[in-house]
Amino acid sequence: MTIEALYDLYLQHPYVSTDTRNILPGSLFFALKGANFNGNSFADQALQTGASYVIIDEASYAKDGRYILVDNVLESLQKLANHHRKTLSIPVIGVTGTNGKTTTKELLHATLSQKFKTYATKGNLNNHIGVPLTLLSVDSTIQIAVIEMGANHLKEIAFLCDIAEPTHGLISNVGKAHLEGFGSFEGVKKTKGELYDYLQNHNGTLFLQADNPHLNEMAATRKISEVVTYGFAETNDVIGKLLKADPLLQIEWKEKDKPDSYTVHTQLTGSYNTENFLAAIAVGLYFGVSAEQINTGIERYTPKNNRSQVTKTEHNTIIADYYNANASSMAAALDNIEVIDASRKVIILGDMFEMGDESDAEHEKVVQRAKSIGADRLIFVGKAFKKQAYLEAEFYETSEEAKQALIDRPVINSTILLKASRGMAFEHLMDVL
């Protein structure tokens, strides 16, 4: 079946699923393959649970006209999404970055939604499957789309840009993450910079954190037709500063060469998030959202999924930031706990994954930085951190061992930073804090 014919079918059945657990009546099921499963084998089940058609790429699974045979299901999904994208005449904002891209995406949605019907990537559907699914969820009523793009290998952002065709874009930051796939920090910059390449080649608009030397350098080497800057220096189009972190952030911002300044009280912790707020403000202003609407959107935004999330338990205030971790996000989290106004601080950190050959050195840097803060208690969890156990602190190989240590020596009346890669399962520590 051609992509044009498949698109006609999609217009009649505009809900797309790749998981039989999320089938809606009348939807299209794309039978994707993974390392440990063959989606073709779930085609029958998808039809039984309500799908109208299933898209497969193995003829042996076809039984009747409801089985649509294509050469490659994944490629068909991606081509269908791009075909749909070409029918949309709305701004599409591409968002990527080493850290903060999901929070930035959510803040863009929060501000833009005050004026426009906005659709943004759900959760972290930001890869070669998630981006197509996001685009296919954008219907004719949507006025602006915000598409998050993730990557852990070279050329991935370029590939996602070719599917999503962003008209506007921003990189939240660049740092040391997924070094096994990127090879080096320069590899990270090169891959994230593929968004800048696309904007340059398609007359797009860039929102730039111009105080960031890496992003500034990356932008300067390209000729992008329109650049809107934000940051802390007075030379930026949008200028902001952090007023308070106790631990929720209070931010002041203004436009360059305009007298009025605005204060916004957020529901987010993490001084590093100040830049993400300024990005959302810059984007909102660019699209004509008023200052009052922008502040309303920001103040109503509540973080989820343990990203810079403040939780108060019976005994402690917890900064839950253990959705993911890498060298740069770990450094930012430690900078934040250092400036937070709290009488007693406890730092509990878990391993950073996918750090490649730099793992030992980066974990040692984190330990040394954490020790410099002067926290009342330091706990490091995981095999990578355990290699640094010659340094004075508490080290445990697993989260269960750390949990037992917290049971034996409870923490009370403290502000606690919990930061780790998702695989460390730090949510289990919440029970004893």
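Residues numbered from 1 in each chain as written. Predicted model: local features only at pLDDT ≥ 70, side-chain atom pairs only at ≥ 80, totals over all residues. Heavy atoms only, no water.

Novice: Looking at this structure, I do not really get the nonpolar core. What am I missing?
Specialist: Formed by 58 residues in total, the largest nonpolar core has its most connected members in Ile 93, Leu 112, Leu 334, Ile 347 and Leu 349. In terms of residue count, the dominant contributor to this core is helix α11 (residues 273-286) (eight residues). When residues of this core are assigned to domains, at least three map to each of domain 2 (87-298) and domain 3 (307-427). Those residues within four positions of Ile 93 in sequence are excluded, and the remaining contacts are Leu 108, Leu 112, Ile 144, Ala 145, Val 146, Ile 147, His 168, Gly 169, Val 283 and Phe 287. One finds Ile 68, Val 70, Ala 164 and Leu 206 within the second-largest nonpolar core, a separate group that totals 51 residues. (Core = buried A, V, L, I, M, F, W, Y, C linked by side-chain atoms within 4.5 Å. Buried < 20%, exposed > 50% of the residue type's maximum accessible area, 1.4 Å probe, protein only. Helix = DSSP H or I, 4+ residues; strand = E, 2+ residues; numbered from the N terminus. Domains from an automatic or database assignment. Contact = heavy atoms within 4.5 Å.)

Novice: Explain the domain arrangement of the chain here, please?
Specialist: Taken domain by domain, the chain consists of domain 1 (1-70), domain 2 (87-298) and domain 3 (307-427). One C-alpha centre belongs to domain 1, the other to domain 3, and the line joining them spans 44 Å.

Novice: Looking at this structure, I do not really get the pattern of salt bridges. What am I missing?
Specialist: Oppositely charged side chains can pair when the atoms bearing their charge come close. Considering all chains together, one arrives at 24 salt bridges under this definition. A salt bridge links Asp 19 to Arg 21; its shortest N-O distance comes to 2.7 Å. Residues Glu 394 and Arg 409 are paired through a salt bridge, measuring 3.3 Å at the closest nitrogen-oxygen approach. Here Glu 394, found in strand β18 (residues 394-396), pairs with Arg 409, found in the loop between α16 (399-408) and β19 (415-419); they are 15 residues apart in sequence, far enough to count as distant. Salt bridges sharing partners connect three or more residues here, namely Lys 33, Asp 57 and Glu 58. (Salt bridge = Lys/Arg side-chain N within 4 Å of Asp/Glu carboxyl O.)

Novice: Could you clarify how one ought to interpret the environment of His 363 in this entry?
Specialist: Relative to the helices and strands, His 363 resides in helix α14 (residues 359-372). When near neighbours in sequence (up to four residues on either side) are disregarded, His 363 contacts Asp 351, Met 352, Met 355, Ala 384, Phe 385 and Gln 388. From its side chain, His 363 meets the backbone oxygen of Ser 359 in a polar contact 2.8 Å long. (Polar contact = N/O pair within 3.5 Å; in protein donor to acceptor, adjacent residues only side chain to side chain.)

Novice: Quick question: what am I supposed to make of the sheet that holds strand β3 (residues 53-56) here?
Specialist: Ordered by their spatial adjacency, four strands build an open sheet running β1-β2-β3-β4, and the pairing between neighbours is parallel. Bordering the open sheet on either side are β1 (16-17) and β4 (67-69), each of which pairs with just one other strand. Bridge count between β3 and β4: three bridges; the pairing is parallel. Bridge pairing in β4 links Ile 55 to Ile 68. Relative to strand β2 (residues 28-30), helix α1 (residues 3-12) is tilted by about 130 degrees, and along the sheet it contacts β1, β2, β3 and β4. Helix-sheet contacts for helix α3 (residues 73-86) involve β1, β2 and β3, and the interaxial angle to β2 is about 130 degrees. (Pairing = 2+ DSSP bridges. Axes fitted to C-alpha atoms, helices over the stretch in contact; angles between N-to-C directions.)

Novice: Would you explain the pairing of strand β9 (residues 205-209) in this entry?
Specialist: Regular strands show a simple pattern: their side chains alternate between the two faces of the sheet. Counting buried positions over the five residues of β9 gives five, a clear majority of the element. Of the pairings in the sheet, the one linking strand β8 (residues 168-171) to β9 comprises three bridges and is parallel in character. The residue of β9 that forms the bridge with His 168 is Thr 205. Bridging between β9 and strand β10 (residues 226-231) involves five bridges; their strand directions are parallel. From the neighbouring strand, Phe 207 faces β10, where its bridge partner is Val 228. Once the chain exits β9 it traverses helix α10 (residues 213-220) before rejoining the sheet at β10, and the crossover so formed is right-handed. (Right-handed = clockwise from strand over helix to strand, strands pointing away.)

Novice: Just checking my understanding: could you explain the side chain of Arg 222 for this structure?
Specialist: Structurally, Arg 222 can be placed in the loop between α10 and β10. Judged by relative accessible area, Arg 222 falls into the buried class, the value being 16%. A distance of 2.5 Å separates the side chain of Arg 222 from the side chain of Asp 197, its partner in a polar contact. Contact partners of Arg 222, with chain neighbours within four places excluded, come to Gly 193, Tyr 196, Asp 197 and Gln 200.

Novice: Would you explain helix α8 (residues 185-192) in this entry?
Specialist: One turn of an α-helix holds 3.6 residues; hence residues three or four places apart share an orientation. The element α8 is extensively covered by neighbouring structure, given that six of its eight residues are classed as buried. Taken as a whole, α8 has its buried residues at Phe 185, Gly 187, Val 188, Lys 189, Thr 191 and Lys 192.

Novice: Explain the environment of Ile 93 here, please?
Specialist: Among the secondary structure elements, Ile 93 is positioned in strand β5 (residues 92-96). Residue Ile 93 is classed as buried on the basis of its relative accessible area, which comes to 0%. A C-alpha to C-alpha distance of 6.2 Å links Ile 93 and Thr 167, two positions 74 residues apart in sequence.

Novice: Where do I start with unusual backbone geometry in this structure?
Specialist: Negative phi is the rule for most residues except glycine; trans is the rule for most peptide bonds. The omega angle of the peptide bond from Asp 246 to Pro 247 is -5 degrees, so this bond is cis rather than trans. For Pro 247, the position within the fold is in the loop between β11 (238-245) and β12 (248-255). Even without glycine at this site, Asp 257 takes up a positive phi of about 65 degrees. For Asp 257, the position within the fold is in the loop between β12 and β13 (261-269). Assessed through its relative accessible area of 72%, Asp 257 is described here as exposed.

Novice: Just checking my understanding: could you explain the sheet that holds β13 for this structure?
Specialist: Sheet strands pair by backbone hydrogen bonding; their relative direction is either parallel or antiparallel. With mixed pairing, the nine strands of this open sheet are ordered in space as β6-β7-β5-β8-β9-β10-β11-β12-β13. Across the chains shown, the open sheet's two edge strands, defined by having one partner strand only, are β6 (118-120) and β13. Shown here is a sheet whose adjacent strand axes are inclined to one another by a mean of 20 degrees, direction ignored. Sheet topology note: the β5/strand β7 (residues 144-148) ladder contains four bridges and is parallel. Along β7, the bridge assignment pairs Ile 93 with Val 146. Contacts from α10 reach β8 and β9 within the one sheet, and its direction differs from that of β9 by about 150 degrees.

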